[in-house]
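Reading the structure
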Amino acid sequence: MGNLVIRNLKQSFRRDDGSDLVVLDDLNFEVQDKEFVCILGSSGCGKTTLLRLIAGLDTARSGSINLDGEEMQGPSPKVGFVFQEYSLFPWRNVIDNIAFGLEMNGTPKEERYRTAEHYLDLVNLSQFRISYPSELSGGMRQRIAVARALALEPVLLLMDEPFGALDAQTRNMLQKELLEIWEKTKKTIIFITHSVDEAVYLADRIFVLTPRPGRICQIFPIELTRPRDRTSVEFAQLRRQVLDLIGQHCAIQ
Amino acid sequence: MGRDNQKNGKNRWLGLLAILIALAVWQFVAAVIIRYPFILPAPTDVFAAFVSLVHEGTLLLDLQASLVHFAIGLGMALLVGIPVGILMGWNRRFDAFLDPLIELLRPVPPLAWIPFAIIWFGLTASAAGFIIFIGAVFPIIINTYSGFRGVPRVFVEAGKMLGCTRSRDLIRYIAFPAALPSVAAGIRIATGVGWMCLVAAELFGVSNYGIGQKLWFFYSLHRMDSVVVYMIILGLIGLAFDMIFRYYIERYFLKWRTGEVA
């Protein structure tokens, strides 16, 4: 399962002059089990703030986050996170990075490595088993980070612009691979991006956020069958529709 | 690294040449111009003194005594410095609590502690160890502290998302390994500073043996050639410590530190 329900979520930060900067205002949405949702918004609209709240890395000012009927309080093994920055531990080799979470929850050594190998296979990087992160390219590091998050078998996978720092070609390849992994593992995925192209390619539904304070401006279902062809007419039309929508309704007032 | 080593290989002969020239000039000045070994013993005098010291057979005992003093001082500095550095780097309140005290104590030169070393520990190896401890503990605290301060937030958060949530585990599995290059640099500096404190630590007669102790002993006998022998031994051992340390550190960190800002 991986049913996420967000109700009246509000987050604000105290400014130096004592006033409150509202980052997310009265956010309500639901994400179905095994759904792939992309959250699209311009920088500074609170996308990352929202994801960090769901992950339990920050605490909301008010509102509730429920995963499968359970109120989320703090980081949970049911939620995996792939960071925007490179987050692999440089002092651990690839397989020990993937096995880290299993080591923390006390999984016996043999089983731990068996599971880690499985997820290493899943991201097609078995030959880099004992390499160190510094020896890998940016794209490979993010794939290992995905494997590491999946190794704990979370029901919900949160991804914060994970391919943002990669070149366009690598990016497209990793998007394709991510969809394959999603087909195989059937997690609920919430994926943050500022790229319309990426969102239309990946998502079942796109949530478009307004600029600060972040609210959901529009929910946009993408019903194209997968694998999607970026060069097709339908794809281009959808992209234009999303862009128009952002321009008309969700832009800075 | 590879390129540096190659360059060192080519330039090593130049370095050796400088040492040979210095020896020749020293020999010339001492034996031809000054001709008074009490003021400046010539390299040949020093070598002769070294040979007779080897025959006397106390060199190893001196080395042993000094290493014991050094081990006490550095060991205590590690035992105190690393936990204090970790606590200050991890906990802001602990940092605010201890920082002023440490900043007050740090500028007091290790040698100024000699009277209290004698009063507190008597003329024992611990007294010498205490002086070395004072010299070595601050670089360890400060480097451990700054290493912990510099741990990227994303590592800690990645750890939390992977089920490493207790402070103790975060320190052990995330912050300490991330800070290790900085901690190691602190230990290396502390090794150098601690070794430099050795001569002073053995100056006040804590033992009958010791490299520093013998240096003072031969000075009181006006056997300056033997003094130079012990000076050279001090330098060479300090150098050996640093080389061994660097060798292991680089071998350990090279595999993961390349390309990381640490």
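Each residue is numbered by its place in its chain's sequence as written, counting from 1. Chain A is the first chain written and ligand 1 is the first ligand written, with later ones labelled in order. Residues qualify for local features only when their pLDDT is at least 70, as the model is predicted, and side-chain atom pairs are given and counted only at 80 or more; totals for whole chains, interfaces and linings, by contrast, use all residues.

1. Digging into the interface of chain A and chain B
Which entries qualify depends on this criterion: This entry defines residue contacts through backbone-placed C-beta atoms, with two residues in contact when those atoms are within 7 Å. A run of H or I in DSSP counts as a helix once it spans at least four residues, and a run of E counts as a strand once it spans at least two, with each numbered from the N terminus. As a working rule, the residues Ala, Val, Leu, Ile, Met, Phe, Trp, Tyr, Cys and Pro are called nonpolar, Asp, Glu, Lys and Arg charged, and the rest polar, with Gly in that last group.
Taken together, the contacts link 19 residues of chain A with 17 residues of chain B. Looking at the side of chain A that touches chain B, the elements with two or more residues in it are β6 (79-82) and α3 (100-104) of chain A. For the side of chain A that touches chain B, a count of residues per class yields 13 nonpolar, 5 polar and 1 charged.

2. Observations regarding the packing of helix α5 (residues 138-150) of chain A against helix α6 (residues 168-185) of chain A
Residue and element names in this part refer to chain A. What counts is decided by this rule: To define axes, lines are fitted to C-alpha atoms, for helices over the stretch in contact only, and angles between the resulting N-to-C directions are given on a 0 to 180 degree scale. Orientation categories follow fixed angle ranges, with anything under 35 degrees roughly parallel, anything over 145 roughly antiparallel, 65 to 115 roughly perpendicular, and all other angles oblique. Helix crossings are classified by the rotation of the near helix relative to the far one: an anticlockwise turn of less than a right angle makes the crossing left-handed, while a clockwise turn makes it right-handed.
Across the interface, α5 lies against α6 with an axial gap of 11 Å and an inter-helix angle of 15°. Here α5 is positioned roughly parallel relative to α6, judged by the angle of their axes. Crossing handedness for the pair α5 and α6: right-handed. Residues Gly139, Gln142, Arg143, Val146 and Leu150 of α5 touch α6, and the partners they reach there are Thr170, Leu174, Ile181 and Thr185.

3. So, the environment of Met88 of chain B
Residue and element names in this part refer to chain B. By the secondary structure assignment, Met88 is in helix α3 (residues 59-90). Remark: the alpha-carbon pair of Met88 and Thr144, spanning 56 residues in sequence, is separated by 8.9 Å. Dropping the residues within four chain positions of it, Met88 is found in contact with Phe94, Asp95, Leu98, Asp99 and Tyr145.

4. Re the domain arrangement of chain B
Residue and element names in this part refer to chain B. Let me state the cut-off plainly: The split into domains, and so the bounds of each, comes from an automatic or database assignment of domains.
Parsing chain B into structural domains produces domain 1 (1-35) and domain 2 (39-257). Here the C-alpha centre of domain 2 lies 29 Å away from the C-alpha centre of domain 1. Taken residue by residue, the interface counts 7 residues in domain 1 and 6 residues in domain 2.

5. With respect to the sheet that holds strand β4 (residues 62-67) of chain A
All names here are of chain A. For clarity, the threshold we go by: We call two strands paired when DSSP finds no fewer than two bridges between them.
The 4 strands are arranged β2-β1-β4-β5 in an open sheet whose pairing can be described as antiparallel. A single partner strand is all that each edge strand has here, and the edge strands are β2 (20-31) and β5 (70-71). Bridging between β4 and β5 involves 2 bridges; their strand directions are antiparallel. From the neighbouring strand, Leu67 faces β5, where its bridge partner is Glu70. Along the sheet face, helix α1 (residues 47-55) touches β1 (4-14), β2 and β4 and points at about 65° away from the line of β2.

6. Some details on the nonpolar core
Put simply, the rule reads: A set of buried residues drawn from Ala, Val, Leu, Ile, Met, Phe, Trp, Tyr and Cys, joined through C-beta atoms within 7 Å, is what defines a nonpolar core. Partly exposed residues are those whose C-beta has more than 12 but fewer than 20 other C-beta atoms within 10 Å; 20 or more makes a residue buried and 12 or fewer makes it exposed, with C-beta atoms placed from the backbone.
Counting 132 residues, the largest nonpolar core has Val37, Ile98 and Leu158 of chain A together with Ile132 of chain B as the members making the most contacts within it. Broken down by element, this core gets its largest block of residues, 15 residues, from helix α6 (residues 125-149) of chain B. Dropping the residues within four chain positions of it, Ile132 of chain B is found in contact with His69, Phe70, Gly73, Leu74, Gly194, Cys197, Leu198 and Ala201 of chain B.

7. Topic: the domain arrangement of chain A
All names here are of chain A. Per the domain assignment, the segments of chain A are domain 1 (4-78 + 155-249) and domain 2 (88-153). Distance between the C-alpha centres of domain 1 and domain 2: 25 Å. Tallying the contact residues gives 11 residues for domain 1 and 10 residues for domain 2. In terms of residue count, the dominant contributor to the side of domain 1 that touches domain 2 is α6 (5 residues). Across the side of domain 1 that touches domain 2, the residue classes break down as 8 nonpolar, 2 polar and 1 charged.

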